[in-house]
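Reading the structure
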Amino acid sequence: MFNDGAIKVLCCTATLAWGINLPAHTVVVKGTEVYNPEKGGAVDLSILDVQQIFDSAGCPQFDTSGEARLITSHDSLAPYLD
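Attention here is on the structure that accompanies the text. Numbering of residues begins from 1 in every chain and follows the order in which that chain's sequence is written. Predicted model: local features are reported for residues with pLDDT of at least 70 only, side-chain atom pairs are reported and counted for 80 or more only, and whole-chain, interface and lining totals are derived from all residues. Water and hydrogen atoms were dropped before computing side-chain values, which therefore reflect all heavy atoms in the structure.

**Some points on the overall build of the protein**
The numbering of helices and of strands both runs from the N terminus, where a helix is a DSSP run of H or I of at least 4 residues and a strand a run of E of at least 2. Scanning the protein from N- to C-terminus turns up three helices and four strands. For the protein, the succession of helices and strands along the chain, N to C, is α-β-β-β-α-β-α. Only protein chains enter the accessibility calculation, which uses a 1.4 Å probe; a residue is then buried when its area is under 20% of its type maximum, exposed when over 50%, and partly exposed in between. The buried share of the protein, taken over its 82 residues, is 22%. Only heavy atoms matter for contacts: two residues are in contact if any of them lie within 4.5 Å across the pair. Summarising the internal contacts of the protein: among those between residues at least 6 apart in sequence, 57% fall at separations of at least 24. Accessible surface is estimated by sampling points in the Shrake-Rupley manner with a 1.4 Å probe; for residues, cover comes only from the protein chains shown. Carbon and sulfur atoms provide 54% of the accessible area of the protein, an area that totals close to 6100 Å².

**Let's talk about the pattern of salt bridges**
Whenever Lys or Arg places a side-chain nitrogen within 4 Å of a carboxyl oxygen from Asp or Glu, that contact is recorded as a salt bridge. By the definition in use, this model includes one salt bridge. Glu67 is paired through a salt bridge with Arg69; the nearest N and O atoms lie 3.5 Å apart. Overall, Arg69 belongs to the partly exposed group, its relative accessible area being 46%.

**Focus: the side chain of Ser76**
Assignment of secondary structure puts Ser76 in helix α3 (residues 74-81). Exposure remark for Ser76: the relative accessible area of 9% places this residue in the buried category. At 3.3 Å, the side chain of Ser76 and the side chain of Asp44 are in polar contact. Look past the residues within four positions of Ser76 in its chain and what remains in contact with it is Thr32 and Asp44. The definition of a polar contact used here is a pair of N or O atoms within 3.5 Å, where within protein one atom must be able to donate a hydrogen and the other to accept one, and adjacent residues in sequence count solely through side-chain atom pairs.

**Focus on the pairing of strand β2 (residues 33-36)**
Only strands that DSSP links by at least two bridges are regarded as paired with each other. Direction of pairing for β2 relative to strand β3 (residues 41-44): antiparallel, over a ladder of four bridges. Each bridged residue has a counterpart across the sheet, and for Tyr35 the counterpart in β3 is Ala42.

These figures come from the coordinates and say nothing about function on their own.
Structural data, given as structure tokens:
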């Protein structure tokens, strides 16, 4: 339904975002912390994970441009700016 345009907004967890290939004009990552059971707590998404999620924005075969936004705490921002 999202691909057909019947659903205009799709909200999902990072886990779902890693596993699906849905082109979108705008992708927003709200929060960069995910639970890591090996560390027993929250860790920040890697820059590669964020880039993979952002890759859904503006896929050339569906759109002429795309936008990606990252919303995170100031303490977590630095690695994503490099």
